[in-house]
Amino acid sequence: MTSAFIKSALAATAALMTATAATAADPIDTWKEELRSKIQSSNRYPAKAVENQLEGVVKVRLTFAQDGNVQGVQFVEKSGHDVLDRRAFATAIRLGAMPALPEGKDELSLVVPVRFELSDNS
């Protein structure tokens, strides 16, 4: 039996933040992990894509205001399948408010790859 699941992950690069050595206690890493979890829980594999066995990765740039609200969403790289592209974009727009950014961050822009992969759990 084939079941669909989505893997969503944050890219390690952030366009508007300086590169720093990551530690487990880094507030921005904690914030990114919460974002990753929120994307995973809110994204659903489109039924049409499952039906047609479509897989792919959509990369979107998400820009967050200091208060955690999404300020902007744009495609960085499409999957080649409109149904997957539309779902990834809609998921990004519907994220809703995240917690406020860690102190010292006025805005944060991240490239987020949203992966659509089918697995065979037979």
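In case you missed it, the structure is sitting above this.
It should be emphasised that the depicted structure is a prediction, and the values quoted were computed from it without experimental measurement.

> Explanation requested: unusual backbone geometry in the structure shown.
The residue Gln-53 is not glycine, and still its phi comes out positive at about 55 degrees. Tracing the backbone through its elements, the reader meets Gln-53 in the loop between α2 (47-51) and β2 (56-65). A relative accessible area of 52% means that Gln-53 is categorised as exposed.

> So what exactly am I meant to see when it comes to the environment of Ala-90 here?
Relative to the elements of secondary structure, Ala-90 occurs in helix α3 (residues 82-93). The class of Ala-90 is partly exposed, set by a relative accessible area of 24%. Between the C-alpha atom of Ala-90 and that of Val-73, which follows or precedes it by 17 residues, the distance is 9.5 Å.

> I'm lost on the packing of aromatic side chains in this one. Help?
In this description, a pair of aromatic rings is defined by centroid distance and the angle of the planes. Within the structure shown, the criterion is met by 3 aromatic pairs. Ring plane angle 80 degrees and centroid distance 4.9 Å describe the contact between Trp-31 and Phe-64, whose orientation is recorded as edge-to-face. Placement of the pair is Trp-31 in helix α1 (residues 27-42) and Phe-64 in strand β2, with a sequence separation of 33 residues. In this structure Trp-31 comes out as buried when scored by relative accessible area, which is 4%.

> What is the right way to look at the nonpolar core in this model?
One broad trend across soluble globular proteins is that nonpolar side chains are buried collectively. One finds Trp-31, Leu-35, Leu-62, Phe-64 and Leu-84 to be the most contacted residues of the largest nonpolar core, which totals 25 residues. Those residues in contact with Trp-31, other than ones at most four positions away along the chain, are Phe-64, Met-98, Pro-99, Ala-100, Leu-101, Pro-102, Leu-108 and Leu-110.

> Teacher, can you tell me more about the side chain of Ser-79 here?
Among the structural elements, Ser-79 can be located in the loop between β3 (70-77) and α3. Looking at Ser-79, its side chain comes within polar contact range of the side chain of Asp-85, at 2.8 Å.

> What exactly am I supposed to notice about the pairing of β2 here?
Each regular strand carries side chains that alternate between the two faces of the sheet. In terms of burial, β2 is largely enclosed, as 7 of its 10 residues are buried. Here β2 runs beside β3; their pairing, made up of 6 bridges, is antiparallel. Among the inter-strand pairings, Val-60 is bridged to a residue of β3, identified as Phe-75.

> Honestly, the pattern of salt bridges in this entry has me stumped. Any pointers?
Close approach of charged atoms allows side chains of opposite charge to pair. One pass over the full model with this rule turns up 1 salt bridge. The salt bridge involving Arg-36 is made with Glu-33; its shortest N-O contact spans 2.1 Å. One end of the pair is Arg-36 and the other is Glu-33, both in helix α1 and 3 residues apart, which spans about a single turn.

Each value, and the rule that gives it
- Residues numbered from 1 in each chain as written.
- Predicted model: local features only at pLDDT ≥ 70, side-chain atom pairs only at ≥ 80, totals over all residues.
- Heavy atoms only, no water.
- Helix = DSSP H or I, 4+ residues; strand = E, 2+ residues; numbered from the N terminus.
- Buried < 20%, exposed > 50% of the residue type's maximum accessible area, 1.4 Å probe, protein only.
- Phe/Tyr/Trp six-rings, centres within 6.5 Å; stacked < 30°, edge-to-face > 60°.
- Core = buried A, V, L, I, M, F, W, Y, C linked by side-chain atoms within 4.5 Å.
- Contact = heavy atoms within 4.5 Å.
- Polar contact = N/O pair within 3.5 Å; in protein donor to acceptor, adjacent residues only side chain to side chain.
- Pairing = 2+ DSSP bridges.
- Salt bridge = Lys/Arg side-chain N within 4 Å of Asp/Glu carboxyl O.

All we've got here are geometric facts, nothing functional implied.
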